[in-house]
Amino acid sequence: MKPSNSIETMNLSTTDGIDTAKLIAELGWQFRVSRSLLAAHQAGFFEALRSPKTAVQLSLAQSTDAEVTEKVLIAMCALGLLDRRDDTYSLTDLARDIMLPESVRYIGGALDFSEYMWWEWSVLPDMLRGGKKYTERHRLMKQLQSGASYVSGPEYFTLAMHGKAVNGGAQFMVEHVDLCGRHLLVDIGGGPGTYSVAFCQRFPQLKAVVWDQPQPLEVARQVVKHYELNDRIRLQPGDWENDEFTHGGDVILLSNVIHGPRSNAPTILAKAFRALRPGGLLIVQEFLLNSQKTGPIPAAVFNIMVGAFSESELIDLISSAGFTGARLLATDPIVGSGIVTASKPL
Ligand SMILES: C[S@@+](CC[C@H](N)C(=O)[O-])C[C@H]1O[C@@H](n2cnc3c(N)ncnc32)[C@H](O)[C@@H]1O
């Protein structure tokens, strides 16, 4: 094969641009890290290591291959989730904090969701050639083939949302949005209700309604009970395809519910406008592309499978629904989300 011109003329003795090139080349391999972490979680290694074990003891307990188990455990040490002393593996403080279901910051639901999405993303090359997205049937087949033990259905999705919110999302939100003097927050598509909990904890005068379909509200019920906020947070079943939102709130939160052009955003924003009191505050949190649509990376990849607006598109949509003063309040480039606020005129 004839080498390309650029390779023929490239001076291999310089290091110009090498760090970036290494990073991009390394990205092609990063899936190995995700796959190892998801496999360790799926095999139940973290829960089984509540009491320290050797790889052989763990493989006997979890019915896994001892040699591969050891290699995956070494990788989990490299991620800072396990300690190894002689041949015995134990959980680090970080793993106790995020990998055990009893922990408030448990991310297992988010990992289950990543596992589920793995198969959807595997067909991206086919999609590029015009093939269809993964169907539910394909997904279930692959789950069965992979021997996956994780729960299916909407519950794990809602738990994934909770895991994401308790590990940065909720803190980011309450740090940037001031609800002093506000009385009733209506959290549309509120899922596990974690954002409502965080707001109520930060602003003691505030009450909230978590508005969502019945199944996610079952998770929200547990979350609200866990934080002992039953007297301040009410759960309201609703379907935005058919129902109006709870009226009379002075704040409406739309967190991760208007993902790009296919999400029916104009209808949801119009319902939010009707439901909000005059002078009320609209908060929208979304994966947001920059206005040039060149990044950031998390929003750019979210856009591939689900959809994402750019900052200016979202601000235009919110303004078209009648809100005033729409502006980007804060962005978190690590997770690719932005918070936009606006007001309903008095
Ligand atoms: C991506 S989750 C966001 C959850 C939460 N707001 C957060 O940011 O963590 C989207 C939520 O919208 C809800 N949802 C989807 N379709 C809905 C509909 N037609 N009516 C009401 N809620 C819906 C889902 O049940 C889910 O809880």
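Residues numbered from 1 in each chain as written. Predicted model: local features only at pLDDT ≥ 70, side-chain atom pairs only at ≥ 80, totals over all residues. Heavy atoms only, no water.

1. A short note on the UniProt feature "domain: O-methyltransferase dimerisation" (unreviewed entry) in the chain
Look at the UniProt record and you will see "domain: O-methyltransferase dimerisation" (unreviewed entry) annotated at residues 30–96. With 61% helix and 15% strand, residues 30–96 has end C-alpha atoms that lie 24 Å from one another. (UniProt positions renumbered as here; feature names shortened; annotations may be inferred. Helix = DSSP H or I, 4+ residues; strand = E, 2+ residues; numbered from the N terminus.)

2. A word on helix 16 (residues 311–320)
When helix 16 is considered as a whole, its buried residues turn out to be Leu-314, Ile-315 and Ile-318. End-on view of helix 16: buried residues confined to an arc of 100°, all on one side of the axis. Lining the buried residues of helix 16 we find helix 14 (265–275), strand 8 (281–289), strand 9 (309–310), strand 10 (324–332) and strand 11 (337–343). Note on helix 16: the residue one or two positions beyond its end, Gly-322, has a positive phi of about 110°. (Buried < 20%, exposed > 50% of the residue type's maximum accessible area, 1.4 Å probe, protein only. Arc of directions from axis to C-beta. Contact = heavy atoms within 4.5 Å.)

3. Overview of the packing of helix 5 (residues 55–62) against helix 6 (residues 66–78)
Helix 6 packs onto helix 5 with a crossing angle of 115° between their chain directions and a minimal axis gap of 9 Å. In this view, helix 5 runs roughly perpendicular relative to helix 6, as classed from their interaxial angle. Judged by the twist between their axes, the crossing of helix 5 over helix 6 is right-handed. From helix 5, Ala-55, Leu-58 and Ser-59 reach across to helix 6, where they touch Ala-66, Thr-69, Glu-70 and Leu-73. Partitioning the contact of helix 5 with helix 6 into residue classes produces four nonpolar, two polar and one charged. (Axes fitted to C-alpha atoms, helices over the stretch in contact; angles between N-to-C directions. Parallel < 35°, antiparallel > 145°, perpendicular 65-115°, else oblique. Left-handed = near helix turned anticlockwise from the far one by under 90°. Nonpolar A, V, L, I, M, F, W, Y, C, P; charged D, E, K, R; others polar.)

4. Things to note about the domain arrangement of the chain
Its domain assignment divides the chain into domain 1 (18–98) and domain 2 (173–343). Centre-to-centre separation of domain 1 and domain 2, based on C-alpha positions: 36 Å. (Domains from an automatic or database assignment.)

5. What about the side chain of Asp-212?
Counting through the fold element by element, Asp-212 comes out in strand 5 (residues 207–212). Although Asp-212 is buried, it forms no salt bridge, and the closest oppositely charged side chain is Arg-221 at an N-O distance of 12 Å. Not counting residues up to four positions away in its chain, the partners in contact with Asp-212 are Gly-189, Gly-190, Gly-191, Leu-217, Gln-236, Pro-237 and Gly-238. (Lys, Arg positive; Asp, Glu negative; His and termini not counted. Salt bridge = Lys/Arg side-chain N within 4 Å of Asp/Glu carboxyl O.)

6. Section: unusual backbone geometry
Between Gly-295 and Pro-296 the backbone carries a cis peptide bond, its omega angle lying at -5°. Tracing the chain through its elements places Pro-296 in the loop between strand 8 and helix 15 (297–305). With a phi angle near 55°, Glu-228 is a residue other than glycine that sits in the positive phi range. By the element assignment, Glu-228 lies in the loop between helix 13 (214–226) and strand 6 (233–237). A residue is classified by how much of its surface remains accessible, and Glu-228, at 65% relative accessible area, is exposed.

7. With respect to the layout of surface pockets
A volume near 440 Å³ is recorded for the second largest pocket. Contributing to the lining of the second largest pocket are 19 residues, with Pro-101, Ser-103, Tyr-106, Leu-159 and His-162 lying nearest its centre. In terms of residue class, the lining of the second largest pocket is built from nine nonpolar, seven polar and three charged. (1 Å grid on protein atoms, 1.4 Å probe; cavity = no way out; pocket = protein on both sides within 12 Å on 5 of 7 lines; lining within 4 Å. Points joined across faces, edges and corners; volume = space filled by probe spheres on them.)

8. Some thoughts on the pairing of strand 4 (residues 184–188)
The buried count for strand 4 comes to four of five residues, which makes it a mostly enclosed element. Inspection of the sheet shows strand 4 paired to strand 5 by five bridges, in the parallel sense. Counted as the bridge partner of Leu-185 is Ala-208 from strand 5. Traced from strand 4 through helix 12 (residues 194–202) to strand 5, the parallel crossover comes out right-handed. Pairing between strand 4 and strand 7 (residues 251–255): four bridges, direction parallel. (Pairing = 2+ DSSP bridges. Right-handed = clockwise from strand over helix to strand, strands pointing away.)

9. Topic: the site of the ligand
In the vicinity of the ligand there are 17 residues, among which Gly-189, Asp-212, Asp-239, Trp-240 and Ser-255 approach most closely. Separating an oxygen atom of the ligand from a side-chain N or O atom of Asn-256 is a distance of 3.0 Å. Out of a free accessible area of 590 Å², the ligand has 87% covered by protein chains. At the level of elements, helix 11 (154–176) and strand 5 are the ones that each hand at least two residues to the shell around the ligand. (Near = heavy atom within 4 Å. Polar contact = N/O pair within 3.5 Å; in protein donor to acceptor, adjacent residues only side chain to side chain. Areas by Shrake-Rupley, 256 points an atom, 1.4 Å probe, with all protein chains shown as cover.)

10. Some points on a nonpolar patch on the surface
A cluster of nonpolar side chains, namely Leu-23, Ile-24 and Leu-27, defines an oily patch on the protein surface of about 330 Å² accessible area. Residue position: Ile-24 is located in helix 2 (residues 18–27). (Patch = residues over 30% accessible without salt bridge, like charges linked within 9 Å, V, L, I, M, F, W, Y side chains within 5 Å.)

11. A short note on the pairing of strand 5
Burial runs high along strand 5: five of the six residues are buried. Bridge analysis of strand 5 against strand 6 gives five bridges, and the strand direction is parallel. If you follow Asp-212 over to strand 6, its bridge partner there is Pro-237. Assessed by its sense of winding, the connection that carries the chain from strand 5 through helix 13 to strand 6 is right-handed.

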